[in-house]
Structures are given as structure tokens and as C-alpha cells.
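Listed here are the chains, written in short residue letters.
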Amino acid sequence: MSTRTIFAAIGTLGALAAAPLRAQTIRGRLVDAANHVAVAGALTELRDLQGKVLQQAFTSPTGAFVFVAPPNQKYQVRVAAIGFARHGAVGVTLGTDAVVIPDIVLTAVVVSLPELRAMSGKSACGRSELTPETFGGLLESAHTSLQMMDATLRSAQLGFEIQTVRRISVKTAKDSSVSADTISGTLHDWPVRSLSLDSLQAFGFQRPKTPEEGAGRHYYGPDMQVLFSDWFLDNHCFTLDKNRSKGDTVIIRFDPAGKQKNVDISGDMVLDRASLTMRRLSYTLRNLPDGLPDRSAGGEMEFAERSEGLWVPVSWAIWAPYTQSHRQISRPTTIVMAPGQRGGMTGGRGMGSSMPLPPSPPPPPLVQVVGRDESRGRLVRIVPLGGS
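Residues numbered from 1 in each chain as written. Predicted model: local features only at pLDDT ≥ 70, side-chain atom pairs only at ≥ 80, totals over all residues. Heavy atoms only, no water.

Caption draft 1: How the structure looks around the overall build of the protein. Within the protein, the regular secondary structure consists of 6 helices and 22 strands. Taken over 388 residues, the protein has a buried fraction of 42%. For the protein, the share of sequence-separated contacts (at least 6 apart) that also reach a separation of at least 24 residues comes to 61%. (Helix = DSSP H or I, 4+ residues; strand = E, 2+ residues; numbered from the N terminus. Buried < 20%, exposed > 50% of the residue type's maximum accessible area, 1.4 Å probe, protein only. Contact = heavy atoms within 4.5 Å.)

Caption draft 2: Spotlight on the pattern of salt bridges. Considering all chains together, one arrives at 19 salt bridges under this definition. A salt bridge links Glu 45 to Arg 47, with the nearest nitrogen and oxygen atoms 2.6 Å apart. Two residues, Arg 376 and Glu 300, come together in a salt bridge whose shortest N-O distance is 4.0 Å. Here Glu 300 lies in strand S18 (residues 298-305) and Arg 376 lies in strand S22 (residues 366-384), a separation of 76 residues in the sequence. Beyond isolated ion pairs, a larger network of salt bridges with shared partners links Arg 280, Glu 300, Glu 302, Arg 372, Glu 374 and Arg 376. (Salt bridge = Lys/Arg side-chain N within 4 Å of Asp/Glu carboxyl O.)

Caption draft 3: Region of the structure containing the layout of surface pockets. By volume, the largest pocket amounts to about 840 Å³. Taken together, 32 residues make up the lining of the largest pocket; nearest its centre are His 218, Tyr 219, Ile 318, Ala 320 and Asp 373. Going through the elements one at a time, strand S10 (158-171), strand S13 (217-219), strand S17 (278-286), strand S19 (311-326) and S22 are the ones with two or more residues in the lining of the largest pocket. Of the residues forming the lining of the largest pocket, the biggest block, 7 residues, is contributed by S19. Considering only residue class, the lining of the largest pocket consists of 17 nonpolar, 7 polar and 8 charged. (1 Å grid on protein atoms, 1.4 Å probe; cavity = no way out; pocket = protein on both sides within 12 Å on 5 of 7 lines; lining within 4 Å. Points joined across faces, edges and corners; volume = space filled by probe spheres on them. Nonpolar A, V, L, I, M, F, W, Y, C, P; charged D, E, K, R; others polar.)

Caption draft 4: Expanded view of the sheet that holds strand S6 (residues 90-94). The strand order across the open sheet formed by 4 strands is S3-S2-S5-S6, and the pairing between neighbours is antiparallel. Of all the strands in the sheet, the pair left with one neighbour each is strand S3 (53-58) and S6. Averaged over all pairs of adjacent strands, the angle between their axes in this sheet comes to 25°, without regard to strand direction. Across 5 bridges, strand S2 (residues 43-47) lies against S3 in antiparallel orientation. Bridge pairing in S3 links Thr 44 to Ala 57. Strands S2, S3 and strand S5 (73-80) of the sheet are contacted by helix H3 (residues 136-153), whose axis makes an angle of about 80° with S2. (Pairing = 2+ DSSP bridges. Axes fitted to C-alpha atoms, helices over the stretch in contact; angles between N-to-C directions.)

Caption draft 5: Molecular detail of the packing of aromatic side chains. Going through the model one piece at a time under the given rule, you end up with 5 aromatic pairs. Where Phe 205 meets Trp 231, the ring centres are 6.3 Å apart and the plane angle is 40°; that geometry is what we call tilted. On the criterion of sequence distance, the pair formed by Phe 205 in the loop between helix H4 (197-203) and strand S12 (206-208) and Trp 231 in helix H6 (residues 230-234) is long-range, its members being 26 residues apart. Of the residues examined, Phe 205 reaches a relative accessible area of 0% and is grouped as buried. (Phe/Tyr/Trp six-rings, centres within 6.5 Å; stacked < 30°, edge-to-face > 60°.)

Caption draft 6: Broad picture of the state of the cysteines. Summed over the entire model, instances satisfying the criterion amount to 1 disulfide. A sulfur-sulfur separation of 1.9 Å characterises the disulfide bridge that pairs Cys 125 with Cys 237. Since a negative S-S torsion denotes a left-handed disulfide, the Cys 125-Cys 237 link at about 110° is right-handed. Of this pair, Cys 125 sits in strand S9 (residues 123-125) while Cys 237 sits in strand S14 (residues 236-240), and the two are 112 residues apart along the sequence. Residue Cys 237 is classed as buried on the basis of its relative accessible area of 14%. (Disulfide = S-S within 2.5 Å.)

Caption draft 7: Summary view of the nonpolar core. Judged by nonpolar contacts, the single largest core of 54 residues is most densely connected at Phe 238 and Met 269. In terms of nonpolar packing, the next biggest core, distinct from the first, is built from 21 residues, Phe 65, Val 77, Val 92 and Leu 94 among them. (Core = buried A, V, L, I, M, F, W, Y, C linked by side-chain atoms within 4.5 Å.)

Caption draft 8: Highlighting H3. Between its terminal C-alpha atoms H3 stretches 26 Å, which fits the 26 Å expected from 18 residues at 1.5 Å a residue. Burial within H3 is extensive, with 15 of its 18 residues counted as buried. (Expected span 1.5 Å × (residues − 1).)

Caption draft 9: Structural view of unusual backbone geometry. A positive phi angle is found at Asn 72, which is not glycine, with a value near 60°. When you line up the elements, Asn 72 lands in the loop between strand S4 (64-69) and S5. We note that Asn 287 has phi near 60°; this positive angle belongs to a residue other than glycine. For Asn 287, the position within the fold is in the loop between S17 and S18. Here Asn 287 falls in the partly exposed class, since its relative accessible area comes to 34%.

Caption draft 10: How the structure looks around the environment of Tyr 220. Note that Tyr 220 resides in the loop between S13 and helix H5 (224-227). Sequence spacing of Tyr 220 and Leu 200 is 20 residues, and the spatial spacing of their C-alpha atoms is 9.5 Å. In this view, Tyr 220 contacts Arg 193, Ser 194, Leu 195, Phe 205, Gln 206, Arg 207, Tyr 283 and Leu 285; residues no more than four positions away in its chain are not counted.

Caption draft 11: Structural context of the side chain of Ser 282. Its place among the elements puts Ser 282 in strand S17. Discounting chain neighbours no more than four positions away, the residues touching Ser 282 are Phe 254, Ser 266, Gly 267, Asp 268, Gly 299 and Glu 300.

Caption draft 12: Summary view of the pairing of S17. With 8 bridges joining them, strand S16 (residues 264-272) and S17 adopt antiparallel strand pairing. Within S17, the residue paired with Asp 264 across the bridge is Arg 286.

Caption draft 13: Structural context of the confidence of the model for the protein. In this model, the protein carries a mean pLDDT of 78, and residues with pLDDT of at least 70 account for 76%. Mean pLDDT values for the elements of the protein range from 36 in strand S20 (residues 334-337) up to 94 in S4. Here residues 12-20 is modelled with pLDDT under 50, and outside its nearest four sequence neighbours on either side it reaches 16 contacts, counting other chains as well. Taken together, the stretch residues 327-355 has pLDDT below 50 and engages in 31 contacts with residues farther than four places along the chain or on a different chain. (pLDDT = per-residue confidence, 0-100.)

As C-alpha cells, this is what we get:
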């Protein structure tokens, strides 16, 4: 399957068939500032003036894109391309005639070795410190690459066939066991699930299971919306790992800024040095409840460019403690009363009488880690929906 076929299959994500009869087109083209060569496979978005995404499209091999929209309205076009700096929104006023936008010129992002050395060992905490001179440009490029992968996954024109293996390993004092299930399916969303930003701020990257779900907790990782949200950037510090950033990779470490009361995450973003595309994302959970050791829950995702010309997640793994619960045995408790004493507790075995305490509610179940619950997935192939 050719790159041209894939980009044509992705097309515009908006429901063009539902567009009004008098709808008009907005056309444009993306080119490289260095040589005016077309930028193919870039993500373009048609938004309203409030920033809501109305349609998405990937540019063709000639760098072209087209949107069909109701006339007599104002829009903005935003673009994102791997390896290029973000371009400002382009305002469009669509009347009763079609609009052709002048070529949108993109500038390649290049990080030199001296710049990387200057950032080595330094930390930037919060958005106020994430300037282009520190990690702002690197994180922006990483965000662009994940944004494009996410749009690709959500495309209604392509199918992403995957295989997932869930493996539960249990070891107790009496015995041990391993169970594994292999499932084939289709991926149309980010492999790692997260909670809403409001829930993350309140409870962290976990939630207790409901009574119907059983004992224990659900643990979560960062999806694209969380990883580059204002809340996440403001509450984490970013450091260039100078010891592992070698050859063709750049590794950015992120950790919670200060002591956190909720479950939080640390991890690594591994970027391709030439294009600044995200190659790998790994994370581990910190400050876990129930006395669980840090890093006993986490995950990782690997990204690669397929022969079809698309950057997509190609493998991932998510793991967490496998727990079971049991209740404490409630034993009768007495208070020893000295003669003539109306209240209080004595510490010895002296004379006195025993009075049973009123019944108390049963204690909450104790959660014990007995193993590991792990899910691993991989991309098998990409196919146009309805074809093979």
C-alpha cells in the first residue's frame, strides 16, 4: 500500500457528506521554508474562532489540504508537522466563493549538539521555565508528533489491527500460578488510559475500585491530553538526561515538582534527534497507596514510522500490582474497671471487673500484593477499512 493511498484514505475526518449544499471549500498547501518542497502527511485542522476543532485532514504528497465548510463564517486553520516548528493560526473568512490560502511555510526544528550540551543537567519546572532556551521547543515537537499519531489512530478511514496479551502472575505462600490470554482486535484510541484532569488533580493517577469491581485500585497513565496539559507541565520538572542522550536520541526525564500527596508519575520521553519525533514514552507511578513500593505500576509505549509513511504506536506494555483482600479477625475487647471507677483504663491485672465494649463496625479489608497484572500489545498491520 503506497503512501499516496494511505494519505488519500485518511482524508478529512469531518462528515463532508453532511455539509450544506452551498458549502464552499478552503484549500491550501504546506511547504518547507528551506527549499519550498511540499510537506506531506502534516496534520491540518479547521477550527472555529473559539478554537473548537471542526475538521481534520492530513496533507497529500503534494502538501495540499482541503476543507468543505458552511459559507459566510470565519474560521482558523492550524497545522502541525513532525520535525517543524508550530505555525500560528491562519485566519480565513469564507464567503460564497471558495478560498485558496497562500502557501503556509514551515520552518524545520533543528537542535544542535552545543544546544543539547547547554541544557544537560539543567531542570525546568513549570511552564514559566519551559522556554525555547530550555525544553520548550523539545516538548513542543514531542507534542506535535503525539498529536499527529493520535489523529491517525482516531481516523475513521483506517483500521489498526493489534494483538494484546494479558498475563497475571500470582505467587503466594502456598503456590504460584500464571495465566495468559491473547486477544486480537482493532485500536482506535490511545493505548494508555488516563483519568480526566479534574480527577487527576483530586486523586492522582489512581482510583479505588467500586464494590462491583472487587478490592484494590485502578491505576492510570498519561494520555496525550494529560501529558502536555497546563496542569501536568506546571507540576513536573523536566531534565535532559545527558548520560543516555547519545547518538540519534534525546532523552527528557520528567518527575513530580516537590512532594505530592497523590499518586503521581515519573518517566522518560525518548525523542529522535533528527526529527524530534517521540520514539518511546515510559512512566512509573510514585507515592502509591496501601504501602506499595514506588514503580510497581507503570507502562511504556514504542513509536515508529511504518512503511505506509505513518508514525504510530507499534508496541506497548502496562503493568500494576495484582492484589487480593482479606479482613482482619475482630477479637473481643474489654476495658478493665477498678472498683468504684466510672471510666478509664488500668494497665495491670489488679482487682476490677470487666465490661465488654459495644460492637464496632468491621475493619476495612487489608490489601495484599500477590503478583503482577501485565498487558502487552503490538500493532500487527494497518488496513483501509473495508479493504485488505
